[in-house]
Amino acid sequence: MITDHDLPPPAYVPQPFPPMVIEPVQLEGRVVRLEPLTRAHLEGLCAVGLDESIWRYMAAMIRSRADMHTYLEAALAGQVAGTLLPFVTVSQATNQPIGSTRYMAIDRDAHRLEIGGTWLTPAAQRTGANTEAKYLMLRHAFETLGCLRVELKTDALNSKSRAAILRIGARQEGIFRNHMISHDGRIRHSVYFSITNDEWGAVKALLEGFMSGG
């Protein structure tokens, strides 16, 4: 009698997944556009990004032009190293920066990345800017870059961010305990979420419904 243990393992046929090619790109929406971050954005980011409430749950606190310059240079260095692709979030109505976001934790071979480092000036929060920015980045990640997985994470204490991530259709996966040290020395637990390529169709429809007022 032949049992399962007597059968050879199923054949594995490698899938055609060449490494992702990730390059600076401008993503256009109705409410916002996402421009590749450059040094020319420094003054515009300082004009909207020095409110301490923005950085409460971030790893760094940005209070001054010097802090923003350091933040910008670190982001550009990450882009050169291939670990980040930073964007400036620009209002289509005013043509002025209102925040920033990025692709990070990029793994080209595994076809995954994280959307994070996201902040908006207080006046742009709860305006639809974040929803559209996430839509643009997710659409580009899944439909152009060929991602199999997009990750998002937030401070476990940031209930507003956790709710916003769940609202866009991401699934909570777990909590990384003692994950990092916040700017004030607090040991932070991080909540991880993800969206996979087979879930993207439903998430896309959900986000398009939000943006159309449905």
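Residues numbered from 1 in each chain as written. Predicted model: local features only at pLDDT ≥ 70, side-chain atom pairs only at ≥ 80, totals over all residues. Heavy atoms only, no water.

Student: Mind laying out the environment of S182, listing which residues take part and the relevant values?
Tutor: Turning to its location among the elements, S182 is positioned in the loop between β7 (171-181) and β8 (187-196). Taking the C-alpha atoms as reference points, S182 and M58, separated by 124 residues in sequence, lie 6.6 Å from one another. Sequence-distant contacts of S182, defined by excluding residues within four places in its chain, comprise M58, A59, D155 and R188. (Helix = DSSP H or I, 4+ residues; strand = E, 2+ residues; numbered from the N terminus. Contact = heavy atoms within 4.5 Å.)

Student: Residues and numbers for the packing of helix α3 (residues 129-144) against helix α5 (residues 200-211), please.
Tutor: Orientation of α3 relative to α5, taken along the N-to-C sense of each, is 150°, at an axis distance of 10 Å. One finds that α3 runs roughly antiparallel with respect to α5. Relative to α5, α3 is oriented so that their crossing is left-handed. Where α3 abuts α5, its residues T131, E132, Y135, L138, R139, F142 and E143 lie against W200, V203, K204, L207, E208, F210 and M211. (Axes fitted to C-alpha atoms, helices over the stretch in contact; angles between N-to-C directions. Parallel < 35°, antiparallel > 145°, perpendicular 65-115°, else oblique. Left-handed = near helix turned anticlockwise from the far one by under 90°.)

Student: Quick one: what's the story with the packing of aromatic side chains, residue by residue and with numbers?
Tutor: Scanning all chains against the criterion turns up six aromatic pairs. When the ring of Y135 is compared with that of W200, the centres are 6.4 Å apart and the planes differ by 40°; the resulting orientation is tilted. Of this pair, Y135 sits in helix α3 while W200 sits in helix α5, placing them 65 residues apart in sequence. We note that Y135, like W200, is buried. (Phe/Tyr/Trp six-rings, centres within 6.5 Å; stacked < 30°, edge-to-face > 60°. Buried < 20%, exposed > 50% of the residue type's maximum accessible area, 1.4 Å probe, protein only.)

Student: For unusual backbone geometry, give the residues involved together with the corresponding values.
Tutor: Of note, the phi angle at N95 is positive, near 65°, even though the residue is not glycine. Despite not being glycine, H111 has its phi angle at roughly 60°, a positive value. Its location among the elements puts H111 in the loop between β4 (97-107) and β5 (112-120).

Distances and angles like these do not, on their own, reveal function.
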